[in-house]
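# Report on the structure
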Amino acid sequence: MSNIEELNVSFDPFADVDEDNKPAVQGAKNIHLRVQQRNGRKTLTTLQGLPKEYDAKKILKSFKKEFACNGTIVEDPELGQILQLSGDQRLKIAEFLVSENIAKKTDIKVHGF
């Protein structure tokens, strides 16, 4: 292809891509970890997309005990159960999910600053 033909190819830079640089499958179940800024230096970590076969209450209880933080479960009609934990716990949650074989490292998406 010439340089002019390459310009006509549409490319979405914000689309999720996997290792082969192909767009990710829309039906893929990913676990999303996000951090939200509250007031001052306080933050809130949210976990979305936990597989249905796992009990969210038991996982939240183990998170609270392991990370020494507070947490709650929020029910969303579209997104399902969302776990909220106080503080920035994204990396700890990701390591916990991989070590307990709940999710693979490739299925966990960490968002935020």
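This text follows the structure it describes.
Small disclaimer: the values here were computed from a predicted structure and weren't measured. (Residues numbered from 1 in each chain as written. Predicted model: local features only at pLDDT ≥ 70, side-chain atom pairs only at ≥ 80, totals over all residues. Heavy atoms only, no water.)

Running from N to C, helix H2 (residues 56-67) and helix H3 (residues 90-99) point in directions that differ by 120 degrees, and their axes come no closer than 11 Å. Between H2 and H3, the crossing angle belongs to the class labelled oblique. Remark: the crossing between H2 and H3 carries right-handed chirality. Contacts between H2 and H3 involve Ser62, Phe63 and Phe67 from the former and Lys92, Ile93, Phe96 and Leu97 from the latter. Of the residues belonging to the contact of H2 with H3, the class tally is five nonpolar, one polar and one charged. (Axes fitted to C-alpha atoms, helices over the stretch in contact; angles between N-to-C directions. Helix = DSSP H or I, 4+ residues; strand = E, 2+ residues; numbered from the N terminus. Parallel < 35°, antiparallel > 145°, perpendicular 65-115°, else oblique. Left-handed = near helix turned anticlockwise from the far one by under 90°. Contact = heavy atoms within 4.5 Å. Nonpolar A, V, L, I, M, F, W, Y, C, P; charged D, E, K, R; others polar.)

With that settled, the discussion passes to H2. Under the 1.5 Å per step criterion, the end-to-end length of H2 is 16 Å for twelve residues, consistent within 8% with the ideal 16 Å. Among the residues making up H2, those that are buried are Ala56, Ile59, Leu60, Phe63 and Phe67. All buried residues of H2 project into a common sector of 100 degrees when viewed along the axis, lining one side. Of the exposed residues in H2, the ones pointing more than 90 degrees away from its buried face are Lys57, Lys58, Lys61 and Lys65. On its buried face, H2 is in contact with strand S2 (43-48), strand S3 (71-76), strand S4 (80-86) and H3. A positive phi of about 55 degrees marks Ala68, the residue just after H2. (Expected span 1.5 Å × (residues − 1). Buried < 20%, exposed > 50% of the residue type's maximum accessible area, 1.4 Å probe, protein only. Arc of directions from axis to C-beta.)

One can find Ile73 in strand S3. C-alpha of Ile73 to C-alpha of Leu83: the two residues are ten residues apart in sequence and 4.6 Å apart in space. Look past the residues within four positions of Ile73 in its chain and what remains in contact with it is Ala56, Lys57, Leu60, Gln81, Ile82 and Leu83.

For H3, the full list of buried residues reads Arg90, Ile93, Ala94, Phe96 and Leu97. Down the axis, H3 shows its buried residues gathered within 165 degrees of arc, on one side only. Away from its buried face, by an angle of more than 90 degrees, H3 presents the exposed residues Leu91 and Glu95. Those residues of H3 that are buried lie in contact with strand S1 (31-37), S2, H2, S4 and strand S5 (108-110).

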